[in-house]
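# Architecture at a glance
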Amino acid sequence: MIQHQLSLAHPERRAVAVTLQAELPPGTERQVLVFPVWTPGSYLVREHQRHVNDLVARVDGRPVAVTKVDKHRFEVETRGGRKLEVTWEYAAHELTVRTSHVDETHAFVNPVNCLAWLPGREHEPQRLDVVDLPDGWGVACGLRTVSSGKGRVRFEAEDFDALADSPIEAGPHAAKKARLT
């Protein structure tokens, strides 16, 4: 299972802290990380990766080199390690149906904007944790909710396409709706 995490710890920064974690097959020397260039329902090539900042990779807890291959692909030197963790910050300051927007009042996160996939593994189940929710915030999403607790909600998707096509709305209004149902 590929694991993704979106942290909304600092909505005033208009950004989302993102983490991707995956177990690597034995002997993997390099792993490509791909950011989508599409948005569901939009028929233009998008450049979501331009909002990615401070991308850092670790394998088995050690920092490793990351090389930008082209506008939306990065190559991570995994050196045969087994546990990959990549973190980045995604600037979420544009409020449209095809972008992501986070501020002190709400968060609308379009996963296709800010998440990445591992080629050849996009058909694996995907887990998404939305964490560090401000007090009083809830989360609304079309994915299956697996668990929730104070300040966090866990979702699962059958594959990356289902995950990418499942926008997330978070805020006090989502918490109120959740209590009503």
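Preceding this paragraph is the structure being described.
This text gives an overview of the structure that appears in the document. Only a predicted model underlies this, so the values are computations on that prediction, with no experimental measurement involved.

Before going further, it helps to spend a moment on the overall build of the chain. A count of helices and strands for the chain gives 3 helices and 15 strands. Buried residues in the chain amount to 48% of all 181 residues.

Now for the environment of Gln49. Residue position: Gln49 is located in the loop between strand 3 (30-34) and strand 4 (52-59). Considering only alpha carbons, one finds Gln49 and Pro36, 13 residues apart in sequence, at a separation of 7.9 Å.

Next up on the list: the sheet that holds strand 13 (residues 144-149). Within a sheet, neighbouring strands are paired by backbone hydrogen bonds and run either parallel or antiparallel to one another. Strand order in the open sheet formed by 8 strands is 5-4-8-2-1-11-14-13, with mixed pairing between adjacent strands. The open sheet has two free edges, formed respectively by strand 5 (62-64) and strand 13, since each of these has just one partner strand. Each strand axis lies, on average, 20 degrees off the axis of its neighbour in the sheet, ignoring direction. Pairing geometry for strand 4 and strand 8 (residues 83-91), over 6 bridges, is antiparallel. Its bridge partner being in strand 8, Val52 is matched across the sheet by Tyr90.

Under the counting rule described, the total for this entry stands at 9 salt bridges. Between Arg30 and Glu75 there is a salt bridge; the shortest N-O distance is 3.6 Å. In this pair, Arg30 is assigned in strand 3 and Glu75 in strand 7 (residues 73-77), connecting sequence segments 45 residues apart. A relative accessible area of 23% means that Glu75 is categorised as partly exposed. Residues joined in a network through salt bridges with shared partners are Arg30, Glu75 and Glu77.

Tallying each qualifying case throughout the model produces 1 cavity of 30 Å³ or more. A volume near 30 Å³ is recorded for the largest cavity. Looking at the largest cavity, the residues that line it are Ile2, His4, Leu20, Ala116, Trp117, Leu118, Arg121, Glu122, Gln126 and Phe160. Here the residues of the lining of the largest cavity are counted per class, giving 6 nonpolar, 2 polar and 2 charged.

Turning next to the packing of aromatic side chains. Under the counting rule described, the total for this entry stands at 3 aromatic pairs. Taking the centre distance of 5.8 Å and the plane angle of 80 degrees together, the rings of Phe35 and Phe74 count as edge-to-face. A residue pair is termed long-range when its members are at least 10 positions apart, and Phe35 in the loop between strand 3 and strand 4 and Phe74 in strand 7 qualify at 39 residues. Assigned by exposure class, Phe35 and Phe74 land together as buried. For the pair Phe35 and Trp88, a centre-to-centre distance of 5.2 Å together with 75 degrees between the ring planes defines the contact as edge-to-face.

Parameters at a glance
- Along each chain, residues carry numbers from 1 onward, in the same order as the chain's sequence is written.
- In keeping with the model being predicted, local features are shown solely for residues with a pLDDT of at least 70 and side-chain atom pairs are shown and tallied solely at 80 or more, while totals for entire chains, interfaces and linings include all residues.
- Side-chain descriptors were evaluated using all non-hydrogen atoms of the structure, hydrogens and water having been removed beforehand.
- Numbering of helices and strands runs from the N terminus; a helix is a DSSP stretch of H or I covering at least four residues, while a strand is a stretch of E covering at least two.
- Only protein chains enter the area calculation, which uses a 1.4 Å probe; residues under 20% of their type maximum are buried, those over 50% are exposed, and those in between are partly exposed.
- A pair of strands is treated as paired once DSSP finds two or more bridges between them.
- Only the contacting stretch of a helix is used when fitting its axis, a line to C-alpha atoms as for every element, and angles between N-to-C directions run 0 to 180 degrees.
- Each reported salt bridge corresponds to a side-chain nitrogen of Lys or Arg within 4 Å of a carboxyl oxygen of Asp or Glu.
- The pocket and cavity definitions rest on a 1 Å grid over protein atoms only: a 1.4 Å probe that fits but cannot leave marks a cavity, an open set with protein on both sides within 12 Å along at least five of seven lines marks a pocket, and residues lining either have an atom within 4 Å of a point.
- Grid points are joined across faces, edges and corners, and a volume is the space filled by probe spheres set on the points.
- Following the grouping adopted for this structure description, the nonpolar residues are Ala, Val, Leu, Ile, Met, Phe, Trp, Tyr, Cys and Pro, the charged ones are Asp, Glu, Lys and Arg, and the polar ones are all others, Gly among them.
- For Phe, Tyr and Trp, where Trp contributes only its six-membered ring, two rings pair if their centres lie within 6.5 Å, and the inter-plane angle classes them as stacked under 30 degrees, edge-to-face over 60, or tilted in between.

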